[in-house]
Amino acid sequence: MQSLKLAEARDRFDLLSPVGYDVTLDLATDPSTFGSRTRISFRSAAGSTFLDVRPVDLQHVELDGAALDPARLDRGRYPLDLDAGDHELVVDATMRFRNDGEGLHRSHDPADGREYVYGMSFMDAAPTVFACFDQPDLKAPYTFHVTAPHDWTVAANANGKEVAPGHWEFEESAPLATYFVSLLAGPYRAVEDEHDGIPLRLFARQSLGGHLEEQAEDILSVTRQSFDEMHRLFGVRYAFGKYDQAFVPEFNAGAMENPGLVTFRDLYVFSSRVTRAQQVTRATTIAHEMAHQWFGNLVTPRWWDDLWLNESFAEYIGTRVTAAATDYADAWAWASLTRKNWGLAADTRPSTHPVAGNGAIDALSALQDFDGISYAKGAATLRQLAARVGDDVFLGGVRDHFERHRFGNATMDDLFASWEQAGAGELSSWTQAWLRTSGMDSLVLDRTGGEVVRHAPQGEIARPHAIDIAVLSGHEWRLQPVQLSDDRAAVDVGGAPVLLDPLERTWAEVGFDETTLAALDDLLPTMTDPMLCASVWNAMRNSVHQAALPPSRALSLMCAGIPSEEQDTALTALAHWGDAEQRRDLSGSGKLLAVVADPAGAAGRLHDAFGRRLGTAASGSGTQLAALHGLIGTATSTAELRAMLDGALPDGTLLDQDLRWRLVKRLTALDAIDRAFLAGQLDQGHTDSAVNAWSWCMAALADEEAKAWAWERFTGAVEANNYELEMIGLGMWQPGQASLLAPYSERYFADVVGTGRVRSGWALAATGQFFYPITALSEETLASTARVCADPAIDPGLRRRLVDCGDEVRRRIAARKVDS
């Protein structure tokens, strides 16, 4: 497959203009492939270009009634020589169902044996479903005709109906970019509603249908409230008719904003009890995808490197709307503890980049910069801009942008021109500092000079910062505004503890001065404000990440704060950071037990802290559940874990599937169970979530058979779907198995480039990350990583993941040295 180059996209845009797509799909004939007929009407000037199509078999190509030779297809491109005028192109092909979360993904539900299909056309997967001119600025309407098994429901971007058993006809859609075209097909359970003239539907697998119906009111309430608030903010109506939200299996991302048919990972239909943090995650994701219906769908980037605008805008508006208009008013604290840390970590990697794109030469290059900087940092800059110019100007510019480019494409410059016209003033210097400059400043308190001091990354321009500092006065934290237009700003703090930017009004690296750090053990049990607490936990994690705070000192802070922490979002984040599972987690500040000097002792202290919080939490509360998760994740007593597995749980908790498999996974990591035990646990409920947890355990077992089993799936010798690969990779690399895993560390670097022959895109890069030997903290691992990344044959997306994995190993080594 060839990645579309920016120059090629510009040439094709200048040459032709699609008028419409008519797509016929046969999903009923073969469980491994499907028939695809595409009829494209378009206008063009005279010239040569190419069509994107990636079939199993290309049977027929016809231009204006004349048959063309299918054998001319070359690596997903079919060449076209065009005269000026109107044209019709017809392509008949056989396509393959996929199991990697892209294209038309077909999934088998182990709970009941049913099959489900959904479409994911981002970023370049559309040509594996239908023939097209695959680039974001060639938008056109689509009409679908689908044949499916008689017991299936089919949905698409536009309204449709079953006109005969198994035959579905759909209305013409609004103009769409190719990467937004989607389809849903299978025996899905549906819940229907309507709000403000917009038909609403929810879909999920039959095995999740009962849970969907139980949770539908919460999902629909967030949906209705978000629509009302976005209509108020934007002053522009939702433009795509119906609004379906489909919760689908084995979905790679959190969700995808396809107009009229938004797809979510179906882990958001909770089959076990969940914490408040998980509920907020779902609510903000619903609002995030809805914001895309305006920013991204109604107005689409002209080229991929402006995709950050889509995500930054949706991240900011999604969190803002969730906090302001729904029952999840704590969304900003949630974002601080989860999303911000993702962005902070990304901004310290060697792969850091400006928020704004810079003319990436091809689509794959643009995708490499699609990360926590694009989402969290970009959202922080937009929030800062809104505060700087005021809501009237900020939203006025957004409305003007929507009206000018409705159903079309636009650039970053177009949006900023609308803001300047709305009264923002000249924004080029702000844009240069915040959007076109990589890295982040650090802000420190200089008590001797009575100043907050700004340090910019070497070689980069310093940015202006408007922040608050929280100064402890008696028993109360008082906010003091600080404007940093230069490198220093005077503050009046005396000898009191101080928190820098606790309300997160800027984007910068902050830590603790000695006076504040010394006081925090005593202060944390008294702190109740969610944002102040979140700022402490973020500064702590980021300081360990930067090797600026000994991990053992962070451990003391956690043990001081966890027993009184009131936010289950914070407890969830701390449990994730402090448990014993060594994830290949690049979304925020490593793992404490991977770097602290005495991991066993640290686990015991954290276990005690979570146990104390568990003992005081209200029965049945999210706080109780989050504390229990932390307790399990740090447990070292197999007797304690087995007792809980036998039902010895606190009042208000339930041994549901999620909790049972948490216990089983921890027992597996402690080398306390065998394959027969795992098989018995799987027999209690053969759901996909159970299969995924079982896969983690099978890879985590401390014997050669387990590692060989995992490796066959990594190399593609044995097929596994995208979720199974994630769990197997995460389970394989367990602490305490160094001698068993050492040969696989060498094999990883020998085999990883070759996995590009069995996977592509998201699945290739993600699997490379999940199987990375994260427990091998050595200079040899760093040297091997650098050697593989220098291989010219490595896929660019995979290289990017390995660069970041190597950086994580380097940082863990540095943090260990600080602690020793």
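Just so you know, these numbers come straight off a predicted model, no measurement behind them.

1. Here we look at the layout of surface pockets
In step 1: Roughly 1000 Å³ of volume is contained in the second largest pocket.
In step 2: Forming the boundary of the second largest pocket are 36 residues, of which Phe97, Arg98, Asn99, Asp100 and Glu719 lie nearest the centre.
In step 3: The element that contributes the greatest number of residues to the lining of the second largest pocket is helix α22 (residues 722-732), accounting for four residues.
In step 4: Of the residues assigned to the lining of the second largest pocket, the class counts are twelve nonpolar, eleven polar and 13 charged.

2. Comments concerning the pattern of salt bridges
In step 1: Applying the stated criterion to the full structure yields 46 salt bridges.
In step 2: In this structure, Glu115 and Arg106 form a salt bridge, with 3.3 Å as the shortest nitrogen-oxygen distance.
In step 3: For Glu115, a relative accessible area of 26% gives the class partly exposed.
In step 4: Judged by relative accessible area, Arg106 falls into the buried class, the value being 15%.
In step 5: Of the charged contacts, one joins Arg205 and Asp266 as a salt bridge, the two residues approaching to 2.8 Å between their closest N and O atoms. In this pair, Arg205 sits in the loop between β16 (198-204) and α2 (209-234) while Asp266 sits in the loop between β19 (261-265) and α3 (276-292), placing the two residues 61 residues apart along the sequence.

3. Let's talk about unusual backbone geometry
In step 1: A cis amide bond links Phe122 with the next residue in sequence, Met123, at an omega value of -25°.
In step 2: Structurally, Met123 can be placed in the loop between β9 (115-120) and β10 (142-147).
In step 3: Of note in this structure, Asp64 is not a glycine but carries a positive phi near 55°.
In step 4: Tracing the chain through its elements places Asp64 in the loop between β4 (57-63) and β5 (66-68).
In step 5: Looking at Asp64, the relative accessible area reads 44%, which means it is partly exposed.
In step 6: Non-glycine residue Arg75 carries a positive phi angle of around 50°.
In step 7: Turning to its location among the elements, Arg75 is positioned in the loop between β5 and β6 (77-82).
In step 8: Overall, the relative accessible area of 54% leaves Arg75 in the exposed class.

4. Details of the packing of helix α11 (residues 514-523) against helix α13 (residues 551-561)
In step 1: Axis separation between α11 and α13 bottoms out at 8 Å; the angle between their running directions is 35°. Contacts between α11 and α13 involve Leu517, Ala518, Leu520 and Asp521 from the former and Arg553, Ser556, Leu557 and Ala560 from the latter.
In step 2: Of the residues belonging to the contact of α11 with α13, the class tally is five nonpolar, one polar and two charged.

5. Let's talk about the packing of aromatic side chains
In step 1: Per the stated rule, a full pass over the model turns up 42 aromatic pairs.
In step 2: Summarising the aromatic geometry, the rings of Phe240 and Phe407 are spaced 5.8 Å apart at their centres and angled 85° between planes, so their arrangement reads as edge-to-face. You can see Phe240 sitting in the loop between α2 and β17 (243-248) and its partner Phe407 sitting in the loop between α8 (391-404) and β21 (408-410), a full 167 residues away along the chain.
In step 3: Taken together, a centroid distance of 5.8 Å and an interplanar angle of 85° make the contact between Trp694 and Trp709 edge-to-face. Taken together, the positions of Trp694 in helix α20 (residues 688-700) and Trp709 in helix α21 (residues 704-715) put the pair 15 residues apart, joining distant regions of the chain.
In step 4: Taken together, Phe227, Phe234, Tyr238, Phe240, Tyr243, Trp294, Phe295, Phe313, Phe402 and Phe407 form an aromatic cluster joined through their ring pairs.
In step 5: Across the ring face of Phe50, the terminal group of Arg77 is positioned such that the distance to the ring centre comes to 4.1 Å.
In step 6: Sitting over the ring of Phe677, Arg642 keeps its end group 5.6 Å from the ring centre.

The rules behind these values
Residues numbered from 1 in each chain as written. Predicted model: local features only at pLDDT ≥ 70, side-chain atom pairs only at ≥ 80, totals over all residues. Heavy atoms only, no water. 1 Å grid on protein atoms, 1.4 Å probe; cavity = no way out; pocket = protein on both sides within 12 Å on 5 of 7 lines; lining within 4 Å. Points joined across faces, edges and corners; volume = space filled by probe spheres on them. Helix = DSSP H or I, 4+ residues; strand = E, 2+ residues; numbered from the N terminus. Nonpolar A, V, L, I, M, F, W, Y, C, P; charged D, E, K, R; others polar. Salt bridge = Lys/Arg side-chain N within 4 Å of Asp/Glu carboxyl O. Buried < 20%, exposed > 50% of the residue type's maximum accessible area, 1.4 Å probe, protein only. Axes fitted to C-alpha atoms, helices over the stretch in contact; angles between N-to-C directions. Contact = heavy atoms within 4.5 Å. Phe/Tyr/Trp six-rings, centres within 6.5 Å; stacked < 30°, edge-to-face > 60°. Lys NZ or Arg CZ within 6 Å of the ring centre and 35° of its normal.

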